[in-house]
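Architecture at a glance
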Amino acid sequence: MTAPTLVQTELAIEGMTCASCVKRVEKALSAVAGVGAASVNLATESARVEHDPAADAQALVAAVARVGYTAHPIAAQDGHEARQEQARADEARSLRRAFTVALVLTLPVFVLEMGSHIFPAMHHWVATRLGTQNSWLLQFALTTAVLAWPGRVFFTKGLAALWRRAPEMNSLVAVGAGAAWAYSVAATFAAQWLPANARYVYYEAAAVIVTLILLGRMLEARAKGRTGAAIKRLIGLQPRTARVLRDGQAHDVPIEQVRRGEHVVVRPGEKIPIDGEIIEGSSYVDESMLTGEPMPVEKRAGMRATGGTLNTSGSFTLRVTHTGADTMLARIIHMVQTAQGAKLPIQTLVDQITAWFVPAVMAIALLAFAAWLAWGPSPALPLALVNAVAVLIIACPCAMGLATPTSIMVGTGRAADLGVLFRQGDALQALRDVEVVAFDKTGTLTLGKPALVGLQAAPGFDGDQVLGWLAAVQERSEHPIARAIVAAARSRGLPALPADDFQAVTGAGVQARVDGRRIVAGAARLMAQHAVDLAVFGEQAADWGAEGKTPVYVAVDGRAAALVAVSDPLKPSAASAINALHALGIKTAMITGDNELTARSVARQLGIDEVRAEVLPDGKVAAIEALRAGGRKLAFVGDGINDAPALAASDVGIAIGTGTDVAIEAASVVLMADDLHGVPNAIGLSRATLANIRQNLFWAFAYNAALIPLAAGALYPAFGLQLSPIFAAGAMALSSVFVLGNALRLRAYRPAHPPAHSPAREDQPS
């Protein structure tokens, strides 16, 4: 019995605040019967679940609800991005309001208590004018208002998580601030319960902790909004309406209501609303949002147009070919979202640590409390409380939860700006370790538009006549060389002849019957199979091969009839892209079915290190395995249908976006422009993103490793140093803001070879 095919469901998750929340939601989803894998992302506030169809979305939503969070499925084109953006804006406003209220209420508490400690005159004024007990009562009222109003979210969520025996960040804040408040209440209203030398209040600690953490969350929410700028920009490219011809009249129709097959009118200066084929008119279209190329390209009847691109001059009518999630722009948005929501292998370490981090912190806080109570100097109780609260507050794992996903979000968004789309998020990490980049030749290193540049007829044969026969055979082939031969025959006015009994010989050539003659055309190995003597051409094939031209032999009824040369010009970006890869310390290789001489000539011109020539399509995978000898990580760059197996077999498959859909679907990275600089740019950005993640993780882990012992009072016996809970709260908030700010630096990443026009250039920081 075969296993059921897994389906994928995406969920929006509300209420997560830290890495512990992520782990809890993942565990709940993974426990649902039928779920194969679940990946939760704190930065995008979403989950991606692979499950069999028997586990429906409602079962997943219910599982998330049981652990205290809210979830709802995300369907394609359901406006989730707009809702999420609105929700983030509402959250930022709510946090700003909560922080403002908390600040107004906390300032008097801070001034009364800390001012009295720092300034003797302030202490004297409070004691003589206000009275210590009255000061405490005022601080109690204001602090209670802070905890019950702007700070209540920490208690409602944190205590509920504690009740479920699943403590998280809010639990640490609730226990820390609540303990400081409860101790202070006891000192204020039941001082007789405490030793005389332990009657202190810590209202300012409880109030300031909540206020500073609200400040950190407010700054975090604002920064999160900026990490999603790439998606927002892509969504903004989609026009809201299309001018559709219905009953002979043009109507402005919402884009969601346009149907496949309908005719849409596009006027000068308008964005093309949807993907389609031009059936009438012509124009020049700016496709820079797709390719990065600044020059508009000509569009005329029979050509395709892509939604979101800009019609610069003429007007035309197009027939709609793709709608909704099938449009190119929707697919690009989905690719970016998929990459942004990915969990890299490096995240595994974070997941393993956060699984026990919060319980461990609570245990350390209890140990610190007990140790200070047992061995601390008098008064031990308040000192034990201060250190335990400081441990709880400083160790909130927000920074650990944000360290990886925020860098991925910003890095993949910046990549999209540069015309590099990561279809699979783990390719972002895999590209960093690539040691060899192998290229297909035709259509990848070359323009893929070869032309006939030479023809030598054998004695007794007429060159034009042989070319006519050859064109008749090649008419049935889709290979670029075949198209070049057919085009040359048509340009000479040779008649189109019928061909029968056509047969393509994989990787070697073609054969068919024309005018009653058996025509065989292709490589020398195909001629050898048919016992054709090629001595009549001497060294001509070798000479052409040395010049980078591809020789094609033609045999008629078993006799050598002609030798033609086809040349495919190199892409202008090829040589400098190869040099850029060498500058990154990466070896280059070329895998081609072309003959050895031609392949080595091209490699010599470009400076490519290794060549695998005369490789049949089904041999490319074997060639890749040979290049990976010694454990080298390899990326393969290709554009054709026959490149799909090689793209899938390599460590990272990179497809040229102008290539076939089959190649794009098999690749994990797509270059939207026909510009090979995208390859070193993608690798450079991968390295920059992974370096950014390492910086974030170092900060998050080193920060906790260094400050938790300090908060517990480890330096007090030797140096008399203690960390106030107030400073602990400030340091915790600063940690998250630092991680987000560091990730946002990737928005300013400048590749060595930027595209001629970056779609996001106007949004880059100055």
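No experiment lies behind these values; they were computed from the predicted model shown. By convention here, each chain's residues receive numbers from 1 onward along its written sequence. The predicted nature of this model means local features are confined to residues of pLDDT at least 70 and side-chain atom pairs, given and counted, to a pLDDT of 80 or more, with totals for whole chains, interfaces and linings taken over all residues. As a convention, hydrogens and water are excluded, and side-chain values are obtained from all of the structure's heavy atoms.

A short note on the pairing of strand S20 (residues 550–556)
The following threshold applies: Burial classification: accessible surface area is computed with a 1.4 Å probe over protein chains only, and a residue below 20% of its type maximum counts as buried, one above 50% as exposed, and the rest as partly exposed. The secondary structure listing takes helices from DSSP runs of H or I that are at least 4 residues long and strands from runs of E that are at least 2 residues long, numbered from the N terminus. Criterion used throughout: strands pair if DSSP finds at least two bridges between them.
Burial runs high along S20: 7 of the 7 residues are buried. Of the two faces of S20, the one lined by Thr550, Val552, Val554 and Val556 and the one lined by Pro551, Tyr553 and Ala555 are each fully buried. As defined by bridge partners, strand S19 (residues 517–522) adjoins S20 across 4 bridges and the pair is classed as antiparallel. When the bridges of S20 are listed, alanine 521 appears paired with valine 554. Two elements, S20 and strand S21 (residues 559–567), share 7 bridges in a ladder whose sense is antiparallel. Within S21, the position partnered with proline 551 by the bridge is alanine 565.

Considering the pattern of salt bridges
Heads up, the condition is: Within this document, salt bridges are pairs made up of a side-chain nitrogen of Lys or Arg and a carboxyl oxygen of Asp or Glu, the two lying within 4 Å of each other.
One pass over the structure, following the stated rule, counts 23 salt bridges. Glutamate 625 serves as the salt-bridge partner of arginine 628, at 3.2 Å between the closest nitrogen and oxygen. Given the relative accessible area of 42%, glutamate 625 is considered partly exposed. The salt bridge partner of aspartate 651 is arginine 628, with a shortest N-O separation of 3.2 Å. With a gap of 23 residues between them, aspartate 651 in the loop between helix H24 (644–649) and strand S25 (652–656) and arginine 628 in the loop between helix H23 (620–627) and strand S24 (634–638) connect regions that are remote in the sequence. What emerges from the salt-bridge pattern is a single network uniting Arg246, Arg259 and Glu262.

Digging into the UniProt feature "transmembrane region" (unreviewed entry) in the protein chain
Threshold: UniProt positions are given in the numbering used here, feature names are shortened, and annotations may be inferred rather than shown by experiment.
Mapped onto the present numbering, the UniProt feature "transmembrane region" (unreviewed entry) falls at residues 98–116, 136–160, 172–194, 200–219, 353–375, 381–404, 697–719 and 725–744. Across residues 200–219 one finds 85% helix and 0% strand; the C-alpha atoms that close the span lie 33 Å apart.

Looking at the packing of helix H13 (residues 380–394) against helix H26 (residues 678–712)
Axes are the key here: two packed helices are described by the angle between their axes and the distance separating the axes. Let me state the cut-off plainly: What counts as an axis is a line fitted to C-alpha atoms, over the stretch in contact for a helix, and the angles between N-to-C directions run from 0 to 180 degrees. Roughly parallel means an angle under 35 degrees; roughly antiparallel, over 145; roughly perpendicular, 65 to 115; everything else is oblique. We call a crossing left-handed when the near helix sits turned anticlockwise from the far one by less than a right angle, and right-handed when that turn is clockwise. Contact criterion: two residues are considered in contact whenever any of their non-hydrogen atoms come within 4.5 Å of each other. In this classification, the charged set is Asp, Glu, Lys and Arg, the nonpolar set is Ala, Val, Leu, Ile, Met, Phe, Trp, Tyr, Cys and Pro, and all remaining amino acids, among them Gly, are polar.
Orientation of H13 relative to H26, taken along the N-to-C sense of each, is 165°, at an axis distance of 8 Å. Of the possible angle classes, the one that applies to H13 and H26 is roughly antiparallel. Crossing geometry of H13 relative to H26 is assigned as right-handed. Every residue of H26 that contacts H13 at Asn387, Ala390, Val391 and Ile394 is listed here: Tyr703, Asn704, Leu707, Ile708, Ala711 and Ala712. For the contact of H13 with H26, the class distribution of residues is 8 nonpolar, 2 polar and no charged.

Quick look at the sheet that holds S21
Taken in spatial order, the 6 strands of this open sheet run S16-S21-S20-S19-S18-S17, and their pairing is antiparallel. Sheet topology places strand S16 (451–457) and strand S17 (500–505) at the edges, where each strand pairs with a single neighbour. Along the sheet, successive strands turn relative to each other by an average axial angle of 20°, direction set aside. Its contacts with the sheet place helix H17 (residues 463–474) against S16, S17, strand S18 (509–514), S19, S20 and S21, and it is angled at close to 105° to S18.

Comments concerning the side chain of glutamate 204
Considering the arrangement of structural elements, one finds glutamate 204 in helix H8 (residues 203–227). With residues near it in sequence (within four places) discarded, glutamate 204 still touches Val109, Phe110, Glu113, Met114, Gln139 and Ile726.

Points about the nonpolar core
Note the threshold: Side-chain atoms within 4.5 Å are what join buried Ala, Val, Leu, Ile, Met, Phe, Trp, Tyr and Cys residues into a set we call a nonpolar core.
With 136 residues, the main nonpolar core has Leu29 and Val437 as its most contacted residues. The biggest single contributor to this core is H26, with 13 residues. The contacts of leucine 29, once residues within four sequence positions are left out, are Leu11, Val35, Ala38, Val40, Ala47, Val49, Leu60 and Val64. Val514, Trp544, Tyr553 and Ala565 belong to the second-largest nonpolar core, a separate cluster that totals 44 residues.

Looking at the sheet that holds strand S4 (residues 70–74)
In space, the 4 strands of this open sheet follow the order S2-S3-S1-S4, with antiparallel pairing throughout. Lying at the two open borders of the sheet, with one neighbouring strand each, are strand S2 (35–41) and S4. Here the average twist between neighbouring strands, direction ignored, is 25°. The sheet contact formed by S2 and strand S3 (residues 46–51) spans 6 bridges and is antiparallel. The residue bridging valine 40 from the neighbouring strand is alanine 47, located in S3. On top of the sheet, helix H1 (residues 19–30) reaches strand S1 (7–14), S2 and S3; it is set at about 160° to S2, its chief contact. Across the sheet, helix H2 (residues 57–66) lies against S1, S2, S3 and S4, angled at about 155° from S4, the strand it touches most.

Points about the packing of aromatic side chains
What counts, and what does not: Aromatic pairs are defined between Phe, Tyr and Trp rings, using the six-membered ring for Trp, whenever the two ring centres lie within 6.5 Å; interplanar angles under 30 degrees are classed as stacked, those over 60 as edge-to-face, and all others as tilted.
The full count for this structure, using the stated rule, is 7 aromatic pairs. When the ring of phenylalanine 140 is compared with that of tryptophan 181, the centres are 6.3 Å apart and the planes differ by 25°; the resulting orientation is stacked. Here the residue phenylalanine 140 occupies a position in helix H5 (residues 132–148), and tryptophan 181 occupies one in helix H7 (residues 169–189), the gap between them amounting to 41 residues. Taking the relative accessible area as the measure of exposure, tryptophan 181 reaches 27% and is therefore partly exposed. Arranged with centres 6.3 Å apart and planes meeting at 65°, the rings of phenylalanine 140 and tyrosine 203 form a pair that is edge-to-face. Linking phenylalanine 140 in helix H5 with tyrosine 203 in helix H8, this pair joins segments that are 63 residues apart in sequence. The exposure class assigned to tyrosine 203 is buried, which follows from its relative accessible area of 0%.

Quick look at helix H28 (residues 725–744)
Short version of the rule: To estimate how far a helix should reach, multiply one less than its number of residues by 1.5 Å.
Relative to the 28 Å expected for 20 residues at 1.5 Å per residue, H28 spans 29 Å between its end C-alpha atoms, a close match to the ideal helical length. With 14 of 20 residues buried, H28 is to be regarded as a mostly interior element.

Remarks on the packing of helix H6 (residues 152–163) against H7
Running from N to C, H6 and H7 cross one another at 110°; their axes reach a closest spacing of 7 Å. In terms of orientation, H6 and H7 fall into the roughly perpendicular class. On H7, the residues that touch Phe154, Phe155, Lys157, Gly158, Leu159, Ala161 and Leu162 of H6 are Asn170, Ser171, Val173, Ala174, Val175, Ala177 and Gly178. In the contact of H6 with H7, the residues fall into 9 nonpolar, 4 polar and 1 charged.

A few points about the pairing of S24
Of all the 5 residues making up S24, 5 are buried; the element is thus mostly covered by neighbouring parts of the structure. Burial along S24 is two-sided: Leu634, Phe636 and Gly638 facing one way and Ala635 and Val637 facing the other are all buried. Summarising the sheet, strand S15 (residues 436–440) and S24 pair through 4 bridges and their orientation is parallel. Its bridge partner lying in S24, alanine 438 is registered against phenylalanine 636. Of the pairings in the sheet, the one linking S24 to S25 comprises 4 bridges and is parallel in character. Considered in S25, the bridge of phenylalanine 636 is made with glycine 653.

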